[in-house]
Amino acid sequence: MDKSHEQFMREAIKLSEKSIDEDGGPFGAIIVKGGEIISRGSNKVTLCNDPTAHAEINAIREAAEKLGNYDLKGCTIYSSCEPCPMCLGAIYWAHIDKIYYANTRRDAKAIKFDDSLIYEELAKPIQKRRVQTEQILRDEANVAFDKWLNKSDKTEY
């Protein structure tokens, strides 16, 4: 019998609480396919010294490894908090079908996990962003893009 969405979310929330006890951040995520949990992730940013080690990213990495596929169509992610821009991007790249979340980004901001800067920066023109960006060697880099475009046996994703 399939678990309910609430039961799956409770699993993600339990991971967020457990993560705190293990000196991680208060975030947890699970990925479900066919009514079964296929992966779990918690925040390990400080534990691994990896700024990308968010719960959703860790759950996606585990799911892709377990399924032997980068394409997670047919999967649903349950996150204890609304995914940040990085995690949301990864969810889209993984082709996950649906996101359920508990806390909002405003709830996260209230406990000093604030992604507002990133949302604001993404809305600005590149030249106005805080991190300076400069394009160089486009023609040289386009060689790889042309090679990819003309490759007949590529695996598109």
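See above for the structure.
The sections below set out a description of the structure shown in this document. All figures in this text were calculated on a predicted structure; none of them were measured in a lab.

## Structural notes on the sheet that holds strand β2 (residues 36–42)
The 4 strands are arranged β2-β1-β3-β4 in an open sheet whose pairing can be described as mixed. With partners counted over all chains shown, the strands left at the sheet margins are β2 and β4 (98–103), one partner each. The average angle at which neighbouring strand axes cross in this sheet is 15°, direction not considered. Where strand β3 (residues 75–81) meets β4, 5 bridges bridge the pair, whose relative direction is parallel.

## Describing the environment of Phe113
Positionally, Phe113 belongs in the loop between α5 (105–110) and α6 (116–123). Using a relative accessible area of 34% as the deciding quantity, one classes Phe113 as partly exposed. A C-alpha to C-alpha distance of 9.7 Å links Phe113 and Pro26, two positions 87 residues apart in sequence. Residues within four places of Phe113 in sequence aside, it is in contact with Pro26, Phe27, Arg105 and Ala108.

Reading the values: rules and limits
Residues numbered from 1 in each chain as written. Predicted model: local features only at pLDDT ≥ 70, side-chain atom pairs only at ≥ 80, totals over all residues. Heavy atoms only, no water. Pairing = 2+ DSSP bridges. Helix = DSSP H or I, 4+ residues; strand = E, 2+ residues; numbered from the N terminus. Axes fitted to C-alpha atoms, helices over the stretch in contact; angles between N-to-C directions. Buried < 20%, exposed > 50% of the residue type's maximum accessible area, 1.4 Å probe, protein only. Contact = heavy atoms within 4.5 Å.

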